[in-house]
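So you can see what is in the structure, the chains are spelled out below.
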Protein chains: 2
Amino acid sequence: MHTDLVAALDIGGTKIAGALVDGDGRILQRTQRPTPAQEDGDTVMGAVEEVLGDLAGSPSWAGARAIGIGSAGPVDATTGTVSPVNVPGWRDFPLVDRVRAVTGGLPVELIGDGVAITAAEHWQGAARGHDNALCMVVSTGVGGGLVLGGRLHPGPTGNAGHIGHISVDLDGDPCPCGARGCVERIASGPNIARRALAAGWRPGPDGDTSAAAVATAARAGDPHAVASFERAAQALAAGIAATATLVEIDIAVIGGGVARAQDVLFAPLRRALRDYATLSFVQRLTVAPALMGTDAGLVGAAAAALHAAPDTTAAGVG
Amino acid sequence: MHTDLVAALDIGGTKIAGALVDGDGRILQRTQRPTPAQEDGDTVMGAVEEVLGDLAGSPSWAGARAIGIGSAGPVDATTGTVSPVNVPGWRDFPLVDRVRAVTGGLPVELIGDGVAITAAEHWQGAARGHDNALCMVVSTGVGGGLVLGGRLHPGPTGNAGHIGHISVDLDGDPCPCGARGCVERIASGPNIARRALAAGWRPGPDGDTSAAAVATAARAGDPHAVASFERAAQALAAGIAATATLVEIDIAVIGGGVARAQDVLFAPLRRALRDYATLSFVQRLTVAPALMGTDAGLVGAAAAALHAAPDTTAAGVG
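Treat the numbers as computed from the prediction; the structure is a model and nothing was measured.

As a further point, take the overall build of chain A. Of regular secondary structure, chain A possesses 10 helices and 12 strands. A compact globule built from 318 residues would reach a C-alpha radius of gyration of about 20 Å, and chain A, at 20 Å, matches this within 12%. The C-alpha extent of chain A, read off along each of the three principal axes, is 60 × 45 × 35 Å. When burial is assessed residue by residue, chain A has 57% of its 318 residues classed as buried. Restricting to contacts in chain A with at least 6 residues of sequence separation, those with at least 24 account for 62%. A gap of 6 Å separates the mean positions of the 22 positive and 31 negative side-chain charges of chain A.

For the rest of this paragraph, the subject is the interface of chain B and chain A. A common way to express how large an interface is: the accessible area buried when the components associate. Taken residue by residue, the interface counts 42 residues in chain B and 42 residues in chain A. Surface buried jointly by chain B and chain A totals about 3500 Å² across both partners, of which 61% is contributed by carbon and sulfur atoms. The largest contributions to the chain B side of the interface with chain A come from Leu170, Leu246 and Glu248 of chain B, which together make up 22% of the buried area. At the junction of chain B and chain A, the tally comes to two salt bridges. A salt bridge links aspartate 171 of chain B to arginine 231 of chain A; the shortest N-O distance between them is 2.8 Å. Here chain B is connected to chain A by 24 residue pairs in polar contact (both at pLDDT 80 or more). At the level of elements, strand S9 (142–148), helix H7 (223–247) and helix H8 (263–276) of chain B are the ones that each hand at least two residues to the side of chain B that touches chain A. By residue class, the composition of the side of chain B that touches chain A is 20 nonpolar, 16 polar and six charged.

Here we come to the nonpolar core. Ile240 of chain A together with Ile240 of chain B are the most contacted members of the largest nonpolar core, which has 120 residues in total. Dropping the residues within four chain positions of it, isoleucine 240 of chain A is found in contact with Leu134, Met136, Ile163, Ile249, Ala252, Ile254, Leu269, Leu273, Leu285 and Val287 of chain A. Val48, Val51, Leu106 and Leu110 of chain A belong to the second-largest nonpolar core, a separate cluster that totals 29 residues.

In this section: the relation of the copies chain B and chain A. Superposition record for chain B on chain A: RMSD 0.0 Å, screw rotation 180°, translation along axis 0.0 Å. In symmetry terms, the pair is related by a two-fold rotation axis. By residue overlap, the copies meet face to face through one surface: 100% of the interface positions of chain B are interface positions in chain A.

Okay, the packing of aromatic side chains next. Residue and element names in this part refer to chain B. A complete count under the given rule lists two aromatic pairs over all chains for this structure. Taking the centre distance of 4.7 Å and the plane angle of 10° together, the rings of tryptophan 90 and phenylalanine 93 count as stacked. Accessibility expressed as a relative area gives 0% for tryptophan 90, which makes it buried. Take phenylalanine 93: its relative accessible area is 8%, and that puts it in the buried class.

Residues and elements named next belong to chain A. A cis amide bond, omega 0°, links glycine 73 with the succeeding residue proline 74. Among the structural elements, proline 74 can be located in the loop between strand S4 (67–71) and strand S5 (75–76). In this structure, aspartate 92 is a non-glycine residue whose phi angle is positive, near 50°. One non-glycine residue with positive phi stands out, namely glutamine 262, at about 50°. Mapped onto the secondary structure, glutamine 262 falls in the loop between strand S11 (251–255) and helix H8 (263–276).

All names here are of chain B. Taken in spatial order, the five strands make up an open sheet running S3-S2-S1-S4-S7, and their pairing is mixed. Among the strands making up the open sheet, the edge pair consists of strand S3 (27–34) and strand S7 (108–112). Taken over all neighbouring pairs, the strand axes of this sheet differ in orientation by 15° on average, direction set aside. Across seven bridges, the pairing between strand S2 (residues 15–22) and S3 is antiparallel. When the sheet's bridge partners are listed, leucine 20 is paired in S3 with glutamine 29. Packing of helix H2 (residues 95–102) onto the sheet brings it into contact with strand S1 (5–11), strand S4 (67–71) and S7, and relative to S7 it is tilted by some 145°. Across the face of the sheet, helix H9 (residues 296–308) comes into contact with S1, S2, S3, S4 and S7 while running at roughly 135° to S1.

Turning to its location among the elements, arginine 180 of chain A is positioned in the loop between strand S10 (151–152) and helix H4 (183–187). Residues arginine 180 of chain A and valine 168 of chain A, spaced 12 residues apart in sequence, show a C-alpha to C-alpha distance of 8.5 Å. The residues contacting arginine 180 of chain A, other than those within four sequence positions of it, are Ser167, Asp169, Leu170, Asp171, Gly172, Asp173, Pro174 and Cys175 of chain A together with Tyr276 of chain B. One polar contact links the side chain of arginine 180 of chain A to the main-chain carbonyl oxygen of glycine 172 of chain A, over a distance of 2.9 Å.

Our focus in this paragraph is helix H5 (residues 189–199) of chain A. All names here are of chain A. Those residues of H5 lying buried are Gly189, Asn191, Ile192, Ala193, Arg195 and Ala196. At its buried positions, H5 is contacted by H4, helix H6 (211–219) and helix H7 (223–247). At the C-terminal side of H5, glycine 200 shows a positive phi close to 125°.

On to the domain arrangement of chain A. All names here are of chain A. Each assigned domain of chain A is listed here: domain 1 (5–111 + 296–317) and domain 2 (126–291). A straight line from the C-alpha centre of domain 1 to that of domain 2 covers 28 Å. Between domain 1 and domain 2, the residue contacts involve seven residues of the former and six residues of the latter. A buried area of about 510 Å², summed over both sides, lies between domain 1 and domain 2, and 58% of it is on carbon and sulfur atoms. The interface formed by domain 1 and domain 2 holds two residue pairs in polar contact (both at pLDDT 80 or more) in total.

What follows deals with the environment of tryptophan 123 of chain A. All names here are of chain A. Locating tryptophan 123 in the fold gives a position in helix H3 (residues 113–124). The spacing of tryptophan 123 and glycine 25 is 98 residues in sequence and 8.5 Å in space, taken between C-alpha atoms. Excluding residues that lie within four positions of it along the chain, tryptophan 123 makes contacts with Asp22, Gly23, Asp24, Gly25, Arg128, Val299, Ala303 and Leu306.

Now for the packing of helix H1 (residues 41–56) of chain A against helix H2 (residues 95–102) of chain A. Residue and element names in this part refer to chain A. Interaxial distance between H1 and H2 falls to 11 Å at its minimum, and their mutual angle equals 40°. Of the possible angle classes, the one that applies to H1 and H2 is oblique. Handedness of the crossing formed by H1 with H2: right-handed. Here Asp42, Met45, Val48, Glu49 and Leu52 of H1 lie close against H2, whose contacting residues are Leu95, Arg98, Val99 and Val102. By residue class, the composition of the contact of H1 with H2 is six nonpolar, no polar and three charged.

What counts as what
- Residues numbered from 1 in each chain as written.
- Chains lettered and ligands numbered in written order.
- Predicted model: local features only at pLDDT ≥ 70, side-chain atom pairs only at ≥ 80, totals over all residues.
- Heavy atoms only, no water.
- Helix = DSSP H or I, 4+ residues; strand = E, 2+ residues; numbered from the N terminus.
- Rg over C-alpha atoms; globule rule 2.2 N^0.38 Å.
- Buried < 20%, exposed > 50% of the residue type's maximum accessible area, 1.4 Å probe, protein only.
- Contact = heavy atoms within 4.5 Å.
- Lys, Arg positive; Asp, Glu negative; His and termini not counted.
- Charge placed at Lys NZ, Arg CZ, Asp CG, Glu CD.
- Buried area = accessible area lost by both parts, 1.4 Å probe.
- Salt bridge = Lys/Arg side-chain N within 4 Å of Asp/Glu carboxyl O.
- Polar contact = N/O pair within 3.5 Å; in protein donor to acceptor, adjacent residues only side chain to side chain.
- Nonpolar A, V, L, I, M, F, W, Y, C, P; charged D, E, K, R; others polar.
- Core = buried A, V, L, I, M, F, W, Y, C linked by side-chain atoms within 4.5 Å.
- Least-squares fit on C-alpha atoms with pLDDT ≥ 70 in both.
- Phe/Tyr/Trp six-rings, centres within 6.5 Å; stacked < 30°, edge-to-face > 60°.
- Pairing = 2+ DSSP bridges.
- Axes fitted to C-alpha atoms, helices over the stretch in contact; angles between N-to-C directions.
- Domains from an automatic or database assignment.
- Parallel < 35°, antiparallel > 145°, perpendicular 65-115°, else oblique.
- Left-handed = near helix turned anticlockwise from the far one by under 90°.

Structure follows, in structure tokens:
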């Protein structure tokens with residue numbers, strides 16, 4: 001029996017994960033290494049090569065017909081290079097060429113990590129069946145990707161959907177990206193915690209000052225914690241509404257650590273969305289929690305590879 | 001000799017224009033009526049029928065194989081209805097059915113007016129040759145449309161590209177749309193004039209308080225006039241940068257009355273764009289004045305009709 005198979009890499013600032021993934025999105029084999037994020041570029045590439053080496057040791061490897069890479073951004077799919085903000089040793093690093101060189105010339109498809117998550121949610125998660133969707137990760141940062149007209153929209157360079165760095169407060173706080181009032185500067189986990197602390201929220205005896213601890217406090221009624229989540233929800237709503245108004249999406253899927261706050265985030269988000277998504281054609285927009293969990297990056301990278309390099313064997317049979 | 005031919009309607013709050021347009025975008029015949037914007041829906045439709053009647057009187061009419069409509073929005077291409085803000089008699093008005101009924105069943109393609117302008121600029125204007133573009137009209141309102149991956153992106157309902165109603169100032173002034181801090185609320189002509197007057201600008205002896213008069217004052221060095229254009233430019237830059245960051249465009253084309261201020265608008269806009277378009281993949285974004293003039297709506301509506309209903313006669317010959 002013929003089984004369509006690709007390899008997938010999910011490259012972040014903390015870990016580099018790899019997998020062999022079949023045409024149904026099942027992970028047959030997986031491995032990972034910590035990202036030596038502060039080392040030089042070749043050392044980081046060495047970790048990628050170890051991950052690929054693990055996969056190549058699998059008996060299934062010979063059937064892999066392409067490699068999908070979802071990488072922390074920015075990426076540049078036109079040149080096959082990556083410049084992840086949190087991996088300073090990689091600036092315009094020729095990741096596609098290097099991966100192709102160590103894998104015997106397999107086709108390589110590169111997309112940003114937000115785009116990869118989106119491919120996974122659209123294939124098998126909360127955006128399944130939606131032809132026009134925004135998928136987001138709200139965590140240490142805020143990332144995202146788009147499905148338009150039933151297809152993934154990576155954009156020419158593979159970075160489309162970077163909702164974390166659109167400004168919703170043009171006079172707002174400076175963002176590390178250089179702009180002001182970006183969605184990420186208001187709604188990321190660290191910014192939710194920072195704002196709650198500045199307003200007077202105090203952590204419990206365990207000293208936990210994460211956004212998760214702020215969410216617990218908000219659920220218990222702490223007004224500063226509630227207010228900080230409401231502000232984050234407002235920024236997310238303005239960004240989601242802007243996206244819908246620009247490209248017409250009907251669902252926004254939200255994953256990442258901050259989304260685990262559940263109704264502490266989603267209830268004020270749905271309220272705020274009514275304030276900003278006002279035009280008739282965006283009023284039916286809904287928000288939903290992500291479904292794909294921590295494998296989303298791998299499954300999405302695999303989806304991109306499967307789609308970009310159609311299975312000619314299967315086509316020949318069909 | 002075979003000449004591809006369609007009819008086009010450009011429906012706004014002030015006038016209803018119609019034309020017969022050939023496959024090269026040439027206008028062979030044109031006509032228009034004032035929009036009876038405050039009358040009931042059937043009276044407004046009567047003006048549309050008069051325009052179509054004029055066109056049908058042309059000897060070329062028999063060759064028209066489709067009708068493209070660019071209408072003030074919101075529109076709904078899925079139901080064929082329109083609800084233009086400035087035409088209260090038309091709410092979910094079945095414009096497509098009514099036009100089809102009076103034209104003997106020709107195929108009808110409906111898009112928003114911002115999308116129509118975009119189709120025209122992409123076909124023959126400043127966005128020609130650009131696969132990923134935002135085209136805008138900055139005038140009494142702020143509208144727009146998108147080209148993505150080399151094709152017009154009207155969105156499912158025909159309204160995509162509504163950049164005038166994305167919020168770039170989430171705590172800002174209320175906008176008539178119901179949201180706050182929308183691009184239009186800051187950057188439209190009337191808002192440029194309003195803000196200049198509020199800051200202390202005084203019109204000349206002719207009493208002209210239009211944005212064009214503010215532009216003249218700005219060119220002469222009036223600080224309040226300069227500041228008002230700079231604020232508009234900042235809001236436009238934040239909106240354009242947001243669009244590029246979300247979908248990856250490489251050019252923003254700007255037309256409409258406010259764009260006639262030329263460098264009074266474009267110089268601060270290009271400066272502000274550097275402040276907000278910060279990520280690597282949007283730094284090459286440029287802005288350019290629109291080229292299509294007042295026929296853009298008609299030419300763009302024709303382009304949509306030509307594209308949506310391919311010329312089967314020509315295909316048969318080819």
